[in-house]
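Results of the structural survey
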Amino acid sequence: MVYKQYFHIGVAVNTSQGLVVPVVKDANLKRMFELAQELAELAQKARDKKLRPVDMEGGCFTISSLGHIGGTGFTPIINSPEVAILGVSRATTKPVYHDGKFEPRLILPYSLSYDHRVIDGVAAAEFTRALGEILTDIRAILL
């Protein structure tokens, strides 16, 4: 097993030729707006068929979304040698029972598939819980 000392995040992009996964290198060293800008540029390169092989190499983790096509849930498959993939579905407003009454809440279904040889279930559960907390108040990561 080779432990990488970087965070390169792949993001699945739908193109006329199918899915491709460009990789944002050193994502942990970039601010949110830098990540968004780089991802937009990579996605456009993918759609324009201008990605180079180096643009799709080195990923540790991938994010995939079916939300734009109406997906309500799925089990993403890990692309070796990556160790995990996050599948994000379409957000919908649903009634949630809270403090004795129903309140409308935006619900974002997501699932994490991971390689148990590298990540144990407790760490994965803690990650998904922490991600849910962060997404509940996105302002926390934007500041």
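Residues numbered from 1 in each chain as written. Predicted model: local features only at pLDDT ≥ 70, side-chain atom pairs only at ≥ 80, totals over all residues. Heavy atoms only, no water.

Let's talk about the nonpolar core
By size, the foremost hydrophobic cluster in this structure holds 17 residues, and its most contacted members are Ile9, Phe61, Ala84, Leu86 and Leu112. Breaking this core down by element, the ones donating at least two residues are β1 (9-11), α1 (32-47), β6 (84-88) and α2 (121-136). When residues no more than four places from it in sequence are discounted, the contact partners of Leu86 are Phe61, Thr62, Ile63, Ser64, Pro76, Tyr110, Ser111, Leu112 and Leu131. (Core = buried A, V, L, I, M, F, W, Y, C linked by side-chain atoms within 4.5 Å. Buried < 20%, exposed > 50% of the residue type's maximum accessible area, 1.4 Å probe, protein only. Helix = DSSP H or I, 4+ residues; strand = E, 2+ residues; numbered from the N terminus. Contact = heavy atoms within 4.5 Å.)

Some points on α1
Along an α-helix, a turn takes 3.6 residues, which lines up residues three or four apart on a common side. For α1, which comprises 16 residues, the first-to-last C-alpha distance of 22 Å matches the rise-based estimate of 22 Å (1.5 Å per residue) to within 8%. Listed as buried for α1 are Leu42, Ala43 and Ala46. One side of α1 holds all its buried residues, which, seen down the axis, span an arc of 100°. Facing away from the buried surface of α1 by more than 90 degrees, the exposed residues are Phe33 and Gln37. Of the surrounding elements, those touching the buried residues of α1 are β2 (13-15), β3 (18-20) and β4 (23-24). Looking at the residues trailing α1, positive phi occurs at Lys49, about 60°. (Expected span 1.5 Å × (residues − 1). Arc of directions from axis to C-beta.)

What to know about the environment of Ala43
Summarising the element assignment, Ala43 is placed in helix α1. Expressed as a C-alpha distance, the spacing of Ala43 and Thr92, which sit 49 residues apart in the sequence, is 25 Å.

Quick notes on the packing of aromatic side chains
Taken as a whole and assessed by the stated rule, the structure comprises 2 aromatic pairs. On the basis of an interplanar angle of 70° and a centroid distance of 6.0 Å, the ring pair of Phe61 and Phe127 is categorised as edge-to-face. Highlighted residues: Phe61 in strand β5 (residues 61-65) and Phe127 in helix α2, separated in sequence by 66 residues. When the ring of Tyr97 is compared with that of Phe102, the centres are 5.1 Å apart and the planes differ by 65°; the resulting orientation is edge-to-face. The residues Tyr97 and Phe102 share a single accessibility class, namely exposed. (Phe/Tyr/Trp six-rings, centres within 6.5 Å; stacked < 30°, edge-to-face > 60°.)

Here we look at the sheet that holds β5
Spatially, 5 strands are ordered β4-β1-β5-β6-β9 in an open sheet, and the strand pairing comes out mixed. Strand pairing shows two members of the sheet lacking a second neighbour, β4 and β9 (110-114), which therefore form its edges. Where β5 and β6 come together, 5 bridges link them in parallel fashion. Bridge pairing in β6 links Phe61 to Ala84. (Pairing = 2+ DSSP bridges.)

Points about the pattern of salt bridges
Applying the stated criterion across every chain, the model contains 5 salt bridges. With a closest N to O distance of 3.1 Å, Asp55 and Arg52 form a salt bridge. A relative accessible area of 8% places Asp55 in the buried class. On the accessibility criterion, Arg52 (45% relative accessible area) is partly exposed. In this structure, the salt-bridge partner of Arg129 is Glu133, at a minimum N-O distance of 3.1 Å. Taken together, the positions of Arg129 and Glu133, both in helix α2 and 4 residues apart, correspond to about one turn of that helix. Owing to a relative accessible area of 47%, Arg129 belongs among the partly exposed residues under this scheme. Linked through salt bridges whose partners overlap, the residues forming this network are Lys45, Arg52 and Asp55. (Salt bridge = Lys/Arg side-chain N within 4 Å of Asp/Glu carboxyl O.)

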